[in-house]
Amino acid sequence: MTILLDTVVGQATAIETLRRALGSDRVHHAYLFDGPEGVGRELAAFGFAQALVCERRSAPAGPSLFGGGDGGEGADQSSACGACSACSRAMPRADAHGRPIHPDIVVLERGLYEPGLIGRKTPESQDLSIDQVRTLVLARAAFGPHEGRAKVFIVRRAEELSTSAANALLKTLEEPLDRTHFILLSAHPDVLLPTIRSRTLRIRFAPLGESLVAKLLTDRGVEAGSAAGLAHRANGSIGQALALADATAAEAATAFTQRALAAVASKDFTLALDLAGDAKKAKADLETHLAAFSLALAAEGRARALAGDPTATAYAHRHELALRALRELDGNAAPALVVESMISAMRAAR
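Residues numbered from 1 in each chain as written. Predicted model: local features only at pLDDT ≥ 70, side-chain atom pairs only at ≥ 80, totals over all residues. Heavy atoms only, no water.

Caption draft 1: View of the pattern of salt bridges. According to the stated counting rule, one finds 21 salt bridges in the structure shown. Arginine 110 is the salt-bridge partner of glutamate 160, the closest N and O atoms lying 2.7 Å from each other. You can see glutamate 160 sitting in the loop between strand S3 (151-155) and helix H5 (163-174) and its partner arginine 110 sitting in the loop between strand S2 (105-108) and helix H4 (130-138), a full 50 residues away along the chain. Judged by its relative accessible area of 6%, glutamate 160 falls in the buried class. Arginine 110 gets classed as buried once you look at its relative accessible area, which sits at 3%. When salt bridges with common partners are traced through the structure, they connect Glu42, Glu109, Arg110, Arg156, Arg157 and Glu160 into a single cluster. (Salt bridge = Lys/Arg side-chain N within 4 Å of Asp/Glu carboxyl O. Helix = DSSP H or I, 4+ residues; strand = E, 2+ residues; numbered from the N terminus. Buried < 20%, exposed > 50% of the residue type's maximum accessible area, 1.4 Å probe, protein only.)

Here's what the structure looks like:
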C-alpha cells in the first residue's frame, strides 16, 4: 500500500496544509507549489492528486466536493487509501516519463508530448505551448472527471508557460468546473504572470536540511562520510545530492565546471567550442554537468557575497544563465548550441 503524501519528507508544514484541505473538504481549485527542484514538490503534487481521485477516501455528510460519497466506516478523508485501483493508477510511472495512467490526472510539461499529439509540427523547444494547453486542458475543461471523483492537472515548471499558454490557462483557472483542480509546480514563481499567481493558493516547499539529505543518501547506500559532504553541496535538494553521489559522474561534472569557467575567462572562443563539441558527444551527461555547474556558481556567489566581494553579482548572473541552459536542454535544444549560448552570454557579461 503506497500513500504518496506519506512518503514526502522534510515538508511537514506544506503536507499538513494539504491534509487539512482534504480533511475539511475545502480543496482550492488551483495551487502553486513553489520551491527548489528536488525537495518533494512533485511527489506532493501526485500525492495530493492521488487523495483527490481515491475511490475509498471518505466524504463528509451532506453536500461536498464529491457529492456525498461512501468512504466506508473508519475511512480517512485527509488521506488516500493507497490500495484502491485509482490510487494505484495515480502513481507516476517511470516508463511514461513520470506520468500516471489514471485518466483524471493530466500532466503538462514542455516537450513531454510528441508534437503531433498536441497539434504541432515542431517540438516545444522554448516554452510550454498554447497547443498543449488547448489539447490537454481546454478540450477537457467543459467535461467533468472521467471516473467521477476529481480531475487534476499538474503543470511541471509552470514558469515555462508561454504568454499565450498562460493566458489560455488563466480563463480556466478563473472559472473551473467543480471537482477540477490545478497544481502548478515552479522553482521560479515570480516569473509567472501576476494574474496566474493571484488565482492560485501558494504552498511553499523549503530546501531540505543537510542532515535530512545526508540521511536520505545513507538510506540509499551512500557511505556516511560521503553523504555529509554531498549534502553540503546539494543546496537542500536530494535530487542534486543523488546526482553528485555517483563518483564518476561527480568527477566528470567537476571537470565540466572547470572547463566552463576557463572558457568564460579565455581571450577567445576556442575553449567554448571545444566544450560544446564534447557536450554534443555526451548529450546524456550534459544535464547532470549543467546542474553541478549551476550549483558551483551559486555556492561561489554566496561565498563571495558573505566576504563582501563585489564579483558575487557576476556569479549570481552566471548561475541564472546556467539554469536557463538547463531549461533549454530540457526543451530538446541542441546540446552544443546550449553550451555555446551559455558561455557566450557569460563572456558578454564579464
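Caption draft 2: How the structure looks around the packing of aromatic side chains. For the structure shown, the criterion picks out five aromatic pairs. Relative to phenylalanine 48, the ring of tyrosine 31 lies with its centre 5.2 Å away and its plane at 85 degrees, an arrangement referred to as edge-to-face. Separated by 17 residues along the polypeptide, tyrosine 31 in strand S1 (residues 30-34) and phenylalanine 48 in helix H2 (residues 41-53) bring together distant segments of the chain. When sorted by exposure, tyrosine 31 lands in the same class as phenylalanine 48, which is buried. Measuring from centroid to centroid gives 6.1 Å for phenylalanine 256 and phenylalanine 293, while their planes differ by 80 degrees, and the two rings are edge-to-face. Of the two residues, phenylalanine 256 is situated in helix H10 (residues 247-265) and phenylalanine 293 in helix H12 (residues 283-306); the sequence distance between them amounts to 37 residues. As far as the burial class goes, phenylalanine 256 and phenylalanine 293 line up, both buried. Here a set of aromatic residues connected by ring pairs shows up, and it is made of Tyr31, Phe33, Phe48 and Phe205. Sitting over the ring of tyrosine 315, arginine 318 keeps its end group 5.0 Å from the ring centre. (Phe/Tyr/Trp six-rings, centres within 6.5 Å; stacked < 30°, edge-to-face > 60°. Lys NZ or Arg CZ within 6 Å of the ring centre and 35° of its normal.)

Caption draft 3: Examining the state of the cysteines more closely. The tally for this structure, following the rule as stated, stands at zero disulfides. Cysteine 54 carries a free sulfur, and the closest cysteine sulfur to it, the one in cysteine 87, is 3.6 Å from it. On the basis of relative accessible area, cysteine 54 is assigned to the buried category, the value being 0%. Cysteine 81 takes part in no disulfide bond, and the closest cysteine sulfur to it belongs to cysteine 84, at a distance of 3.7 Å. Relative accessible area serves as the criterion here: at 18%, cysteine 81 is assigned to the buried category. (Disulfide = S-S within 2.5 Å.)

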